[in-house]
Each structure stands twice: as C-alpha cells, then as structure tokens.
Amino acid sequence: MKARMIEGGALTDKELVEAGKILFLTDADIYPNAFGSSENMGEVFPLLARIENGLFGAENLLVAKDDKGNICGVLVGCNSNFWEKGTLARVFSQKGIALPEGAVDAENNYFVYESEHEKGDYVLCLCVAPEYRRLHIGKELLLHYLKGKKEVSLECLADNSGALAMYGAAGFCVEKEYDGYSAPGTSPVRVVRMIYRANSHSRYNY
Ligand SMILES: CC(C)(COP(=O)(O)OP(=O)(O)OC[C@H]1O[C@@H](n2cnc3c(N)ncnc32)[C@H](O)[C@@H]1OP(=O)(O)O)[C@@H](O)C(=O)NCCC(=O)NCCS
C-alpha cells in the first residue's frame, strides 16, 4: 500500500490521539508500564507532543496515512531531546487520569535514560497499526526518516524478528546486544542496538 508521509507538526490533536494509541503497541513492557492502556496514551499524547524539545515533541513524529486519511503508522525520531522526571505525573494529572502503577518506573528507567544518553539521530519507536502490517508502511516510514541522514541508531527487542529483518534490509547492522528495560519483577529482555550509516548496504531502493 502506498501511504502518505506527514510530518508531526501538521497533526491535529485528534490525530495525535490516534498516533499515541498506535505507539502504545510498540512493545509489551515500556508503553504498558508507562501509560497503562492505549486509551490513556492517546489522551496524554497531545500534551507530550507539545513539550518543547521533548522526546515525543511533534517535530519528532512522522506519520503514515492511508488514502482515506487514517493514521496507519508512526515513527518517532529523536536527536538531543529531553525528558523531565515527573512529566507523566503532570500530563496524567492535567487529563484527570490516575497515574498507572508502573509509570514512574518506566519514566525513570527508560524515558529519562533515553534522553540522557546522547545518541545522535535515533529511532525511539516505530509502530504500524495491526490491521496495516505487512503492507510496507513500516519500511516506508523508516526510509523516509533515513533520507539525508548520515548515521542513525535504534534499539530493538532481540526476539522481534520481523522488525530486525526490516531494519537489516534498510542497512542497519547489529552493534551489540544487552539486557534492556523490563517491568519490575519480570525477567530482563534482550535488546539489540543497531546502527545505520549512509553508505550501509540496503536491500531497499532509496
Ligand atoms: C515491525 C513493524 C514496524 C513492521 O512494519 P510493517 O509495515 O508491518 O512492515 P513492512 O511491511 O514494511 O515490512 C518490511 C520488511 O520487514 C520484514 N518484516 C516485517 N514484518 C515482518 C514479520 N512479521 N515477519 C517477518 N518479516 C517481517 C520483511 O522483510 C518485510 O519485507 P517483505 O514484506 O517484502 O518481506 C510492525 O510489525 C509493527 O508495528 N510491530 C509492532 C511494533 C514493533 O515491533 N516495532 C519495532 C520496535 S523496534
């Protein structure tokens, strides 16, 4: 399917809600802990998108829309962005929603960590709505984001074979594997860090 690529700055609040709901499905640990439910993440996402230089700032969002204007996938690409401790408590309270139990842990051990480690350009998350998967929307989002960039890194769960295949075909190489963030009381998840360089070999045509 040929999707339209839209920069996040052009999105309405309603579209940001949809984008947040899709991003909730990126992984089974971080987003469920931080936000509790996709409805919650959708509710607070427009507030996160308005934080200047924030990880989820609108300028970091790239969205794919189908021919009817429905949002079908979202990529968040960061560089030197910021996450202040207490952000989740603040946006949940602004929306009058109870802070999910795992929010502070996810915030301190993932979002704050992500914002404190200078990585240059990196993909924080990429997610395609389940009903649009395997239609090359993830690939198109990724290729659009990579255009003109010299080096990009990302982290991906080591058992996410579909995503690893997509990143590998786009020219990302595995740099290292380590234990990543997981919810308290659960076993650590294995994460791979991957690097793309503009001269990497890619199976895809740019
Ligand atoms: C990973 C994800 C973004 C891929 O998006 P997508 O639009 O479904 O993938 P595409 O159709 O663009 O696939 C591009 C290539 O990636 C590989 N691929 C993607 N999904 C795959 C799967 N489930 N199994 C095997 N290969 C897969 C294939 O090589 C595919 O090329 P092909 O269809 O020509 O064989 C999507 O499955 C998703 O949102 N998953 C949940 C969130 C997630 O895992 N995000 C990545 C976190 S780092």
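Residues numbered from 1 in each chain as written. Predicted model: local features only at pLDDT ≥ 70, side-chain atom pairs only at ≥ 80, totals over all residues.

Draft legend 1. Region of interest: the pairing of strand β5 (residues 151-157). Side chains Val152, Leu154 and Cys156 of β5 all project onto a buried face; the interleaved residues Glu151, Ser153, Glu155 and Leu157 project onto a face where none is buried. Note that strand β4 (residues 121-128) and β5 share three bridges and pair parallel. Bridging from a neighbouring strand, aspartate 121 pairs with valine 152 of β5. For the crossover from β4 across helix α6 (residues 137-146) to β5, the handedness is right-handed. (Buried ≥ 20, exposed ≤ 12 C-beta atoms within 10 Å, placed from the backbone. Helix = DSSP H or I, 4+ residues; strand = E, 2+ residues; numbered from the N terminus. Pairing = 2+ DSSP bridges. Right-handed = clockwise from strand over helix to strand, strands pointing away.)

Draft legend 2. Looking closely at the sheet that holds β4. One open sheet accounts for seven strands, arranged β1-β2-β3-β4-β5-β7-β6; its pairing is mixed. Strands at the two margins of the open sheet, each flanked by one partner only, are β1 (4-7) and β6 (172-180). Across this sheet, the average inter-strand angle for adjacent strands is 25°, counted without regard to direction. Sheet topology places strand β2 (residues 61-65) next to strand β3 (residues 71-78); five bridges connect them, and they run antiparallel. Of the residues in β3, the one forming a bridge with alanine 64 is glycine 73. Along the sheet, α6 makes contact with β1, β2, β3, β4, β5 and β7 (189-197), crossing β3 at roughly 35°. (Axes fitted to C-alpha atoms, helices over the stretch in contact; angles between N-to-C directions. Contact = placed C-beta atoms within 7 Å.)

Draft legend 3. Looking closely at unusual backbone geometry. Even without being a glycine, serine 80 presents a positive backbone phi close to 55°. Judged by the 10 C-beta atoms lying within 10 Å of it, serine 80 is exposed. One non-glycine residue, histidine 136, adopts positive backbone phi at about 70°. Secondary-structure assignment places histidine 136 in the loop between β4 and α6.

Draft legend 4. Expanded view of the site of the ligand. Within the structure, the ligand sits among 20 residues, and Arg133, Gly138, Lys139, Gly162 and Met166 are positioned closest to it. If you list the elements that add at least two residues to the shell around the ligand, you get β4, α6 and α7 (161-169). Per-element accounting of the shell around the ligand gives the leading share, six residues, to α7. (Near = placed C-beta within 6 Å.)

Draft legend 5. Seen up close, the nonpolar core. In terms of nonpolar packing, the biggest core is built from 57 residues, with Ala19, Leu23, Val74 and Leu75 touching the most fellow members. With near-sequence residues (within four places) excluded, leucine 23 lies in contact with Tyr31, Met41, Val74, Cys125 and Cys127. (Core = buried A, V, L, I, M, F, W, Y, C linked by C-beta atoms within 7 Å.)

Draft legend 6. Examining the environment of glutamate 101 more closely. Along the chain, glutamate 101 falls in the loop between α4 (87-95) and α5 (103-116). Residue glutamate 101 is classed as exposed on the basis of its 11 C-beta neighbours within 10 Å.

None of the figures reported here should be taken as evidence of function without further support.
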